[in-house]
Amino acid sequence: MSTQTEPPLGGAPAATAPAAPSAHAGAGPRQTLTLIAVLLAVFVVPTSISGTAVALPAIGADTHAGLVPLQWVVNAFNVAFACFTLAWGSIADIIGRVRAFAIGAGIYAVASLGSALAGNVLLLDAARALAGLGGAAIFSCGSAILSTVFSGPARAKAFALFGTVAGIGVAVGPSVSGLLVQSLGWRWVFALHAVALALVLLAVPAIARSMAEPRRADARVDVIGSALFVVAMLLLTTGIVQGSQWGWGSAGVLGLFAGTLVALAVFTAVEKRREHPMLDLSVLANRRFLALCLIPVAASFGFVTMLTYLPTYLTAVAGYTSGAAGLTMVLLTLPVLVCPMLAAKLVSRGVPALTLLYLSLACLVVGDLALTLFSPDVAIAVVALPMLVTGAGMGLSAGLVDGQALENVAPEKAGMAAGFLNTLRLGSEAIAVAVYGSMLATTLGTRIREGVGGFDGAGDPSALANEVAGGGLSAAARTVPADQRDRFTDFLVGAYDSAFDTILWVLAAVCLVLFLVIVALWRRGRNAPAATGATTAG
């Protein structure tokens, strides 16, 4: 998940909204409380995303979940977040930003409580999807509230804190969740989120009194467009997840992919004719803008996949405890906190932004390749640099790419451009995570099938692959006689490690191809009409 500090995606520009009088002179008590409440809510969302990955092995062991339902603990949140970010912008225009923010925070709090109390993995999946719906409102409306309450230098400081807190959430999520899983159990990961958002809801009356906001009578929620987009994302994600289970060439999987294409085609046709479209596709004619929009896609494949699944590798293959895995993940997430401010300082000192964006892509490629150094017995010092480099691939572009992308479109199209950028970012994160999980199950199944014949009673290779991919290596090892378990465990660890390396090569290749496409689009767009201020990228 990337941080973003743009105005509401589907709403009117924030500059037209009258701010509370005291916001101009400086932050009063109500403005300060508003800032704290919004930042606390914003902190919870990325913490939940990065922290849930650490809890997956414990969730699988406790609920006896198969691989596919376990993958949807992450996928359900990502898909819902991606699908409803734009819709919340329109909803906020109609009912007001504070009310929409409060509804989103309330939904997230209830969903987190439901996640903590879920009796099985299917209920947990449903609760996580509901949390994604609430998270989309928090991010869409939270930034809009800050842009209304604050102005001038105070607004700049508020948005700097917004991005910093989101980065901190990504960075500390694995560590906090790992410690909670190890000490109190995985349910407390979600319970803590519910408590935090309950505190946010207590501050909503003060937030409402700190600002006056307009409501657009002509605003409409694009229900048809939103529904079509949700259907397309669900069909695509389900097809990817089920590819390893049903077979990539099976009628079911091919039917899901065909349904995705049909839904997207209808979505495109509908959006071109809507007066208030969920997503205006006209910005795609700008090749430089499109090139910059693909940078978060590369980060989704090169970084977000590792953020989600590296903790399972650390616990299942390297033998780390949940707490140790969470602490180790700081090496991957720390650059996401540090590099955005470093990039901003470098740009202010004359370093071309495009150079830093290209460097971020190179870090993703090199970092993913270097992560193949991971092995069951590798010293953390050996893989520390690859993890930091991969994290830098995300951190150097976070925030920077948003500003550069919007500078390459006309000001009057900035809202729709931000909507497209963030939809592509969030959608690609959901798809990349699903692709990784399905590839892991497929590749791991192949490795196990090749060598399982030497073990008595090992069972179905596909079932074993699903168990091991979900972090249940110990349970899988118990399928063979006791005298073979140590050897079988070593075999499964080796199979997982081999599959992990193969996928890293694929991820690096995807990032490299996207890097080349981005360079080509940028160069081909050199002579295209530029928006005001579009030259800062270099």
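Keep in mind the model is a prediction, meaning the values are calculated, not measured.

Student: What am I meant to see in the packing of helix H11 (residues 287-316) against helix H14 (residues 353-370) here?
Tutor: Describing two packed helices takes the angle between their axes plus the distance from one axis to the other. In the contact formed by H11 and H14, the axes pass within 10 Å of each other and the chain directions differ by 30°. Put simply, H11 runs roughly parallel to H14. Note on packing geometry: the crossing formed by H11 with H14 is left-handed. Between H11 and H14, the residues in contact are Leu292, Ile295, Ala298, Ala299, Phe301, Gly302, Phe303 and Met306 and Leu357, Ser360, Leu361, Leu364 and Asp368, respectively. Across the contact of H11 with H14, the residue classes tally to 10 nonpolar, two polar and one charged.

Student: For this particular structure, what's the right way to read the side chain of Ser112?
Tutor: Along the polypeptide, Ser112 turns up in helix H4 (residues 97-117). Ignoring anything within four residues of it in the chain, the contact list for Ser112 reads Phe190, Ala191, His193 and Ala194.

Student: Whenever I open this one, the packing of helix H3 (residues 67-95) against H4 confuses me. Can you help?
Tutor: In contact at an axis separation of 8 Å, H3 and H4 are set at 150° when each is read in the N-to-C sense. Considered as vectors, H3 and H4 are oriented roughly antiparallel to each other. Seen along the crossing, H3 lies across H4 with a hand that is right-handed. For the pair H3 and H4, contact is made by Phe77, Trp88, Ala92 and Ile95 and by Arg97, Arg99, Ala100, Ile103, Gly104, Ile107 and Tyr108, respectively. The class makeup of the residues in the contact of H3 with H4 is eight nonpolar, one polar and two charged.

Student: Help me understand the environment of Leu40, please; the structure alone is not making it clear to me.
Tutor: Relative to the helices and strands, Leu40 is located in helix H2 (residues 29-63). The sequence separation of Leu40 and Gly169 amounts to 129 residues, and the corresponding C-alpha distance is 9.8 Å. Dropping the residues within four chain positions of it, Leu40 is found in contact with Ala196, Leu199 and Val200.

Student: Can you help me understand the environment of Gly96 in this one?
Tutor: As for its position among the elements, Gly96 is in the loop between H3 and H4. Of the residues examined, Gly96 reaches a relative accessible area of 0% and is grouped as buried. Residues Gly96 and Ala208, 112 residues apart in the sequence, show an inter-C-alpha distance of 9.8 Å.

Student: Got a minute to help me understand the packing of aromatic side chains in this structure?
Tutor: Geometry of an aromatic ring pair is reported as the spacing of the ring centres plus the angle between the planes. Counted by the stated rule, this structure contains 12 aromatic pairs. With a centroid separation of 6.0 Å and 70° between ring planes, the pair formed by Phe77 and Tyr108 is classed as edge-to-face. A residue pair is termed long-range when its members are at least 10 positions apart, and Phe77 in helix H3 and Tyr108 in helix H4 qualify at 31 residues. In this pair, the class of Phe77 matches that of Tyr108, namely buried. With 6.1 Å between their ring centres and 80° between their planes, Trp186 and Phe190 make a pair best called edge-to-face. Look at Trp186 and you get buried, because its relative accessible area is 5%. By the ring-pair criterion, three or more aromatic residues cluster together here, those being Phe77, Phe81, Tyr108 and Phe139.

Parameters and conventions
- Residues numbered from 1 in each chain as written.
- Predicted model: local features only at pLDDT ≥ 70, side-chain atom pairs only at ≥ 80, totals over all residues.
- Heavy atoms only, no water.
- Axes fitted to C-alpha atoms, helices over the stretch in contact; angles between N-to-C directions.
- Helix = DSSP H or I, 4+ residues; strand = E, 2+ residues; numbered from the N terminus.
- Parallel < 35°, antiparallel > 145°, perpendicular 65-115°, else oblique.
- Left-handed = near helix turned anticlockwise from the far one by under 90°.
- Contact = heavy atoms within 4.5 Å.
- Nonpolar A, V, L, I, M, F, W, Y, C, P; charged D, E, K, R; others polar.
- Buried < 20%, exposed > 50% of the residue type's maximum accessible area, 1.4 Å probe, protein only.
- Phe/Tyr/Trp six-rings, centres within 6.5 Å; stacked < 30°, edge-to-face > 60°.

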